[in-house]
Amino acid sequence: MKLSLSLPLCVLCATAASAFGLNGGSKSMLSKTQHAFVPKAPANMVQAVDVQGNRMNTVSLAAEGNALEVRGGAAEVVEKKGGVDIGLIAYFALWYLGNYYYNITNKLALNAAGGKTGFPLTISSLQLGVGSLYGLFLWLAPDARSKPKITMEDFKKMLPVAFCFMGAHSASVFAMGMGAVSFAQIVKASEPAFAAVLSQYVYGKKVSKAKWLCLPIVIGGVILASVKELDFAVSALVSACIANMFAAVRGNENKKLMETPGLKDRIGSVGNQFAITSIIGFLMSIPVVIAKEGSRFGEFVEIAKTSPAVWKNLAASGLWFYGYNEVATMTLKKTGAVTQSVANTAKRVIVIVGVALVLGESLDPMKLIGCSIGIGGVLLYSIIDSLVKPKSE
């Protein structure tokens with residue numbers, strides 16, 4: 001299978017993965033008659049390649065609309081009065097494409113580095129390192145993004161969130177290295193089950209009966225999808241569940257963190273928060289890599305030297321991961337709860353089916369049925385309280 005990325009996609013990688021720090025730099029906007037201009041990417045930008053080192057196939061992306069201004073590596077949204085919010089549409093496009101191409105380049109990097117016997121923890125750590133470097137670049141570059149002004153006490157309070165972020169990412173990459181990406185994504189869709197248990201019994205936040213009744217649908221869908229999974233591995237299932245647990249804890253810890261008085265002002269922006277979390281998570285991942293794969297690091301270096309597919313896809317996946325997470329955060333901040341639920345559901349469907357087609361993974365009818373039931377259950381879980389909420393008199 002060959003899939004090459006053209007220059008327009010490289011531009012997307014550079015803008016989405018690098019510079020959607022929407023709170024940085026100058027606030028000057030283009031006039032309404034101007035359109036967003038996306039500069040042509042140089043030929044040596046990071047592009048996704050397959051295991052043989054060949055570029056992946058062309059994907060066209062027209063990032064147009066007068067809602068965006070690209071300046072100093074950051075894009076700002078001009079809110080339009082009435083009509084279609086082109087800026088929000090661009091956010092959704094970048095979020096979906098970023099997630100989609102992250103999963104592809106991540107799997108290609110894992111396969112090129114040895115697959116199931118390779119270096120998933122090393123790759124996941126270096127991906128965080130790539131994102132951390134970009135976050136630091138935005139703080140150092142002129143007119144890009146203002147630096148955070150957090151205190152040492154703020155830093156300490158961010159450690160649990162960063163640790164869970166690192167754990168969720170490392171476990172997810174490990175799961176995708178051990179089995180099919182589509183299968184790992186299906187299992188990760190069951191995160192609400194973990195979140196419900198933690199919220200109810202650990203954080204003391206009551207979960208409605210309606211939501212509890214949705215969980216068997218989610219879990220049943222995952223079980224059905226697992227029955228006919230050709231690339232099934234217990235390690236992939238367990239790792240994806242561990243990723244869900246870390247993600248659920250991170251969500252609760254992040255809510256507690258953001259209740260700290262004045263913290264939002266000291267951080268400065270969502271982009272700064274994600275950059276800080278990425279940097280701390282990267283530093284925390286180093287001891288894990290040393291403990292599990294440190295003795296084989298020389299072997300990884302030799303593979304990377306002889307196989308361009310390793311380091312090229314590693315760099316690309318790191319940029320995609322950083323970019324789509326930041327864009328996703330900004331997208332969800334501009335939408336309501338129901339829109340968020342539908343958007344997340346649609347994203348999972350696109351990633352699961354699209355990645356499976358591109359990577360040649362199995363799409364057995366039973367797997368698709370289980371996937372549909374599980375993801376449908378997640379959507380229902382997300383909106384059920386709104387549907388059954390009593391009407392106010």
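Residues numbered from 1 in each chain as written. Predicted model: local features only at pLDDT ≥ 70, side-chain atom pairs only at ≥ 80, totals over all residues. Heavy atoms only, no water.

Trainee: Would you take a moment to explain the packing of aromatic side chains for this structure?
Mentor: In this description, an aromatic ring pair is defined by two values, namely the gap between the centres and the angle between the planes. Applying the stated rule across the entire model yields 17 aromatic pairs. For the ring pair Phe119 and Phe300, a centre distance of 5.3 Å and an interplane angle of 65° mean the geometry is edge-to-face. A residue pair is termed long-range when its members are at least 10 positions apart, and Phe119 in the loop between helix H2 (86-112) and helix H3 (120-140) and Phe300 in helix H11 (residues 297-306) qualify at 181 residues. One aromatic cluster is present, formed by Tyr102, Tyr134, Phe137, Phe165, Phe274, Phe321, Tyr322 and Tyr324 through successive ring pairs. We note Lys211 situated over the ring of Tyr381; from NZ or CZ to the ring centre the distance is 4.9 Å. For Arg296, the ring lying beneath its charged end belongs to Phe119, and the centroid distance is 4.2 Å. (Phe/Tyr/Trp six-rings, centres within 6.5 Å; stacked < 30°, edge-to-face > 60°. Helix = DSSP H or I, 4+ residues; strand = E, 2+ residues; numbered from the N terminus. Lys NZ or Arg CZ within 6 Å of the ring centre and 35° of its normal.)

Trainee: Looking at this model, I keep getting lost on the nonpolar core. Mind explaining?
Mentor: Nonpolar side chains in soluble globular proteins generally cluster together in the buried interior. With 75 residues, the main nonpolar core has Trp95, Tyr102, Ile104, Ile123 and Phe300 as its most contacted residues. Here this core gets 14 residues from one element, more than from any other, and that element is H2. Residues contacting Tyr102, with those up to four places away along its chain left out, are Gln127, His169, Val173, Met176, Ser317, Trp320, Phe321 and Tyr324. If you look at the next biggest cluster of nonpolar residues, it comprises eight residues, including Ala193, Cys214, Tyr381 and Ile384. (Core = buried A, V, L, I, M, F, W, Y, C linked by side-chain atoms within 4.5 Å. Buried < 20%, exposed > 50% of the residue type's maximum accessible area, 1.4 Å probe, protein only. Contact = heavy atoms within 4.5 Å.)

Trainee: Just to check I follow, could you spell out the pattern of salt bridges for this structure?
Mentor: Two side chains with opposite charge may pair up if their charged atoms get near one another. By the definition in use, this model includes six salt bridges. Notably, a salt bridge pairs Glu326 with Arg145, separated by 2.5 Å at the nearest N-O pair. With Glu326 in helix H12 (residues 308-333) and Arg145 in the loop between H3 and helix H4 (152-178), the pair connects residues that are 181 residues apart, well separated along the chain. Given a relative accessible area of 5%, Arg145 falls into the buried group. (Salt bridge = Lys/Arg side-chain N within 4 Å of Asp/Glu carboxyl O.)

Trainee: Where do I start with a nonpolar patch on the surface in this structure?
Mentor: The grouping of Val349, Val353, Leu357 and Leu368 at the surface amounts to a nonpolar patch, some 300 Å² of accessible area in total. Here the element with the most residues in the nonpolar patch is helix H13 (residues 337-359); it accounts for three residues. Of the residues examined, Leu357 reaches a relative accessible area of 59% and is grouped as exposed. (Patch = residues over 30% accessible without salt bridge, like charges linked within 9 Å, V, L, I, M, F, W, Y side chains within 5 Å. Areas by Shrake-Rupley, 256 points an atom, 1.4 Å probe, with all protein chains shown as cover.)

Trainee: Looking at this structure, I do not really get H2. What am I missing?
Mentor: The α-helix advances 3.6 residues per turn, and as a result positions three or four apart in sequence lie on the same side. For H2, which comprises 27 residues, the first-to-last C-alpha distance of 38 Å matches the rise-based estimate of 39 Å (1.5 Å per residue) to within 8%. Of all 27 residues that make up H2, 22 are buried, and the element is covered over most of its length. Just downstream of H2 lies Gly114, where phi reads positive at about 125°. (Expected span 1.5 Å × (residues − 1).)

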